[in-house]
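The residues making up each chain are set out below.
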Amino acid sequence: MGRAVVGGVVLAVLLSLSSCKKEAKEKEMVEETVKEEESPTDVKVEPTVAYAFLMGGENSAQSSGIAWFEEADDGKTRIRVRVDGLPAGEYAVHVHERGDCSDDNFESAGGHFNPDNKKHGAPDAEERHAGDLGNIKVEEDGLGEMELWSDKLRVKVSDYSVVNRAVIVHEKPDDFKSQPSGNAGSRIMCGVVKYTTVDEETLFPDLEEVRRVRKLSEGLSEEEMEKLDEEQLDELSRGVH
Ligand SMILES: [Cu+2]
């Protein structure tokens, strides 16, 4: 994905967030007024944010990841997935119907989440499973991230909610054609989606910073890394370019 495209996405997200914030502020003021008359426990806010910690399976135990779902006021859901520790390449990502990662091969998660009973497809196709999220691209350093919006998946309680379902990463890319699951091969990562109150920033530390520190640590032992202070890390990073 080009930097301009990423920038555009980030900007769009920031813009939508700022307008959301304004509405949220107004809503807050209304709720504040309500609170004065009711006890605080009477005010119920429906959670709109959920995440899954992805763990690697038998043959990918070194990998890990995070999936993030945030439902906006218009019912569309922003999805962000980051993985770490996979060989460079493209990997299919789907929401599967059962929030159960207990099998070694993650078959316990069942088939794709498909509440509309559609055919499998690309994440932007009209004919697709709600759980079809496309492919994540992993770079040489083992890190990969994807971000998309879905007009099918929800976070709030509904037939379309991702909560208590599973996010699965497959060993191969999704071809968006083969039925019923895009010929993506076996399941290598799995995580159950839960509501969260943890900040997005906490779960997704700045990717460039993660990459920078990773580059620095190449060739250094853990002991040597621990001895580095911030200034030394800075110095090292200047030599990395
Ligand atoms: Cu899948």
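Note that the coordinates shown come from a computational prediction; the quantities given were computed from them, not determined experimentally.

So, on to the overall build of the protein chain. Looking only at helices and strands, the protein chain has five helices and nine strands in total. In sequence order, the protein chain lays out its α and β elements as α-β-β-β-β-β-β-β-β-β-α-α-α-α. In the protein chain, buried positions account for 30% of the 241 residues.

Among the eight residues of strand β3 (residues 77-84), six are classified as buried, and the element is accordingly described as predominantly covered. Sheet topology places strand β2 (residues 64-71) next to β3; eight bridges connect them, and they run antiparallel. Across the sheet, the residue bridging to F69 is I79, located in β3. The turn joining β2 and β3, which pair antiparallel and follow one another in sequence, is formed by five residues; a positive phi near 90° is taken by G75. One ladder, built from seven bridges, connects β3 with strand β6 (residues 144-150); its direction is antiparallel. Paired with V83 across the strands is G144, a residue of β6.

Take the environment of V49 next. By secondary structure assignment, the location of V49 is in strand β1 (residues 49-56). Looking at V49, the number of C-beta atoms within 10 Å reads 17, which means it is partly exposed. Measuring from C-alpha to C-alpha, the distance between V49 and T196 comes to 6.0 Å, with 147 residues separating the pair along the chain. Leaving out residues up to four positions away in the same chain, V49 has contacts with E70, V155 and T196.

How each quantity is defined
Residues numbered from 1 in each chain as written. Predicted model: local features only at pLDDT ≥ 70, side-chain atom pairs only at ≥ 80, totals over all residues. Helix = DSSP H or I, 4+ residues; strand = E, 2+ residues; numbered from the N terminus. Buried ≥ 20, exposed ≤ 12 C-beta atoms within 10 Å, placed from the backbone. Pairing = 2+ DSSP bridges. Contact = placed C-beta atoms within 7 Å.

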